[in-house]
Amino acid sequence: MDKTYTALANRALQLLETSGTYRVLVFLVGTPGSGKSSVAHEVASRINVMHRENGFREPPGKATSPRDLVTNSLVSGIPMFDPASVIDPENEALQPHKVVDLPTQTTTIRARGLEATAIDVVSTPVSDTEVSFVQVAPMDGFHLPRNVLDQFSDLASAHFRRGSEWTFDSTLVVTLVDLLQACCVDLGLDSKPGLFQTLLGAETGIPLLAIPTFDHELKDPTPRGTVIQPETRIVIVEGLYLLLKIKAWSTIHRHLSGKRSHETWKIDVSEEACRERVAKRHLRSGLVETYEKGVERYDLNDVLNGRQVELESWEADVHIDSVDGVV
Ligand SMILES: Nc1ncnc2c1ncn2[C@@H]1O[C@H](COP(=O)(O)OP(=O)(O)OP(=O)(O)O)[C@@H](O)[C@H]1O
């Protein structure tokens, strides 16, 4: 697997080198337990080490586009929150709305998960903190929180089938991908940055994005758990349903098609391997009391989600073989 990680890291860097954009996106999909999160973090960490050893940061220059104007153009199509509107937790087509906080220059975009899954788009310049050349954006942060699932008409199914595509804040995932894609700015050939160069943010005009994360042990999203910095040059977006052909999910593929600043990767793995991995994780996170119950839950829920991903997703650009026992 060591060679595979190195090859994937080089592949992501090659995409960055050839795209002509300041930022590129890698979409990593696979069935539950296929190792998306593990692979994404390993690839990110390898490139970040290379960046620490070989990278350089450009001193702040003149902004090509003021950040607040860039932010406004990114969020202009999203309607303002209407306090009189009713948010139906089961409406999978619910369009996200925004709330703008002028003092902090923050636009918060929300949908069915409300604050738990909100995305913040922040135009205020960031301080000179440690920059991650590569960052991971987990789709799992958009799990609808348990208090929203409690409002479903069949709340028992909603909780039991948690992890199914209809238990995610899917329209907000689409919004996140749109925002990330809009941040893949084309700097033009003259100003093309070096491979390991990070600009100090001001020049690109790209805003900061704060997005939710998900910890299986906490069982609910952590709002603003990850901050995608303006300086980040590669974002690995990982999640089950990013290439799904149905409902709101299908918009992701449509919005990306024809764009050269991204690539799609899929992890291939057997159901048997995933059954064991996911059952162990269910036990570890306290979702079940025994390993056998974990297997049962995998067979009644996770495997169905995995089969849907296999049957109803668009083909990925790259396939990765998961080697069991080698994370
Ligand atoms: N190659 C591997 N061999 C054995 N165990 C693995 C391997 N890759 C990941 N795991 C383990 O399997 C579990 C699931 O891995 P991970 O969270 O990376 O997968 P995922 O595809 O992101 O899962 P999900 O979509 O269900 O969140 C973790 O406990 C992880 O340590």
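Calculation notes
- Residues numbered from 1 in each chain as written.
- Predicted model: local features only at pLDDT ≥ 70, side-chain atom pairs only at ≥ 80, totals over all residues.
- Heavy atoms only, no water.
- Phe/Tyr/Trp six-rings, centres within 6.5 Å; stacked < 30°, edge-to-face > 60°.
- Helix = DSSP H or I, 4+ residues; strand = E, 2+ residues; numbered from the N terminus.
- Buried < 20%, exposed > 50% of the residue type's maximum accessible area, 1.4 Å probe, protein only.
- Expected span 1.5 Å × (residues − 1).
- Bend = angle between axes of the 7 residues up to and from the residue.
- Contact = heavy atoms within 4.5 Å.
- Disulfide = S-S within 2.5 Å.
- Near = heavy atom within 4 Å.
- Polar contact = N/O pair within 3.5 Å; in protein donor to acceptor, adjacent residues only side chain to side chain.
- Areas by Shrake-Rupley, 256 points an atom, 1.4 Å probe, with all protein chains shown as cover.
- Nonpolar A, V, L, I, M, F, W, Y, C, P; charged D, E, K, R; others polar.
- Pairing = 2+ DSSP bridges.
- Axes fitted to C-alpha atoms, helices over the stretch in contact; angles between N-to-C directions.

- The name given to the chain in an unreviewed UniProt entry is Phosphoribulokinase/uridine kinase domain-containing protein, and the organism recorded there is Babjeviella inositovora NRRL Y-12698.

1. A look at the packing of aromatic side chains
Working step 1: The final tally for this structure, using the stated rule, is five aromatic pairs.
Working step 2: For the ring pair phenylalanine 152 and tryptophan 166, a centre distance of 6.4 Å and an interplane angle of 35° mean the geometry is tilted. In this pair, phenylalanine 152 is assigned in the loop between helix H4 (146-149) and helix H5 (155-160) and tryptophan 166 in the loop between H5 and helix H6 (170-182), connecting sequence segments 14 residues apart.
Working step 3: The exposure class assigned to phenylalanine 152 is buried, which follows from its relative accessible area of 6%.
Working step 4: The exposure class of tryptophan 166 is partly exposed, given its relative accessible area of 24%.
Working step 5: Ring centres of phenylalanine 168 and tryptophan 249 lie 6.2 Å apart, and the angle between their planes is 75°; on these two criteria the pair is classed as edge-to-face. Of the two residues, phenylalanine 168 sits in the loop between H5 and H6 while tryptophan 249 sits in the loop between strand E10 (234-238) and helix H7 (250-256), which places them 81 residues apart along the sequence. Across the pair, tryptophan 249 and phenylalanine 168 agree in class, each one buried.
Working step 6: Within the aromatic cluster, the residues linked to one another by ring pairs are Phe168, Tyr241 and Trp249.

2. Details of helix H9 (residues 291-312)
Two residues of an α-helix separated by three or four positions point the same way, owing to the 3.6 residues in each turn.
Working step 1: Given a rise of 1.5 Å per residue, 22 residues ought to cover 32 Å, and the 30 Å separating the end C-alpha atoms of H9 matches this to within 8%.
Working step 2: Tyrosine 298 marks where H9 bends most, by close to 45°.
Working step 3: Where H9 is concerned, the buried positions are Gly294, Val295, Arg297, Tyr298, Asn301, Asp302, Val303, Asn305, Gly306, Gln308 and Val309.
Working step 4: On its buried face, H9 sits against H5 and helix H8 (271-284).

3. Regarding the state of the cysteines
Working step 1: For the coordinates displayed, the defined rule picks out zero disulfides.
Working step 2: Left without a disulfide partner, cysteine 183 is nearest to the cysteine sulfur of cysteine 184, which lies 7.3 Å away.
Working step 3: A relative accessible area of 1% places cysteine 183 in the buried class.

4. Looking at the site of the ligand
Working step 1: Lining the immediate surroundings of the ligand are 20 residues, of which Lys36, Ser38, Arg281, Val323 and Gly325 lie closest.
Working step 2: Between glycine 33 and the ligand, the recorded distance is 3.2 Å, taken from a backbone N or O atom to an oxygen atom.
Working step 3: Measuring from an oxygen atom of the ligand, one finds a side-chain N or O atom of arginine 281 at 2.7 Å.
Working step 4: Protein burial of the ligand: of its 630 Å² of free accessible surface, 83% is covered by the chains.
Working step 5: Residue assignment for the shell around the ligand shows that the elements contributing at least two residues are helix H2 (36-54) and H8.
Working step 6: Considered class by class, the residues forming the shell around the ligand number five nonpolar, nine polar and six charged.

5. Description of the sheet that holds strand E3 (residues 97-101)
Within a sheet, neighbouring strands are paired by backbone hydrogen bonds and run either parallel or antiparallel to one another.
Working step 1: The sheet built from five strands is open, its strands ordered E3-E4-E5-E8-E9 with antiparallel pairing. Lying at the two open borders of the sheet, with one neighbouring strand each, are E3 and strand E9 (221-228). Between one strand axis and the next, the sheet turns through 25° on average, direction left out of account.

6. Points about the sheet that holds E10
Working step 1: Taken in spatial order, the five strands of this open sheet run E6-E10-E1-E11-E12, and their pairing is parallel. Bordering the open sheet on either side are strand E6 (134-138) and strand E12 (318-321), each of which pairs with just one other strand. With strand direction ignored, the average angle separating the axes of adjacent strands in the sheet is 25°.
Working step 2: In this structure, strand E1 (residues 24-29) lies alongside strand E11 (residues 262-268), joined through five bridges in parallel fashion. The residue of E11 that forms the bridge with valine 29 is lysine 266.
Working step 3: Sitting on the sheet, H2 is in contact with E1, E6, E10 and E11, with an inclination near 170° to E10.

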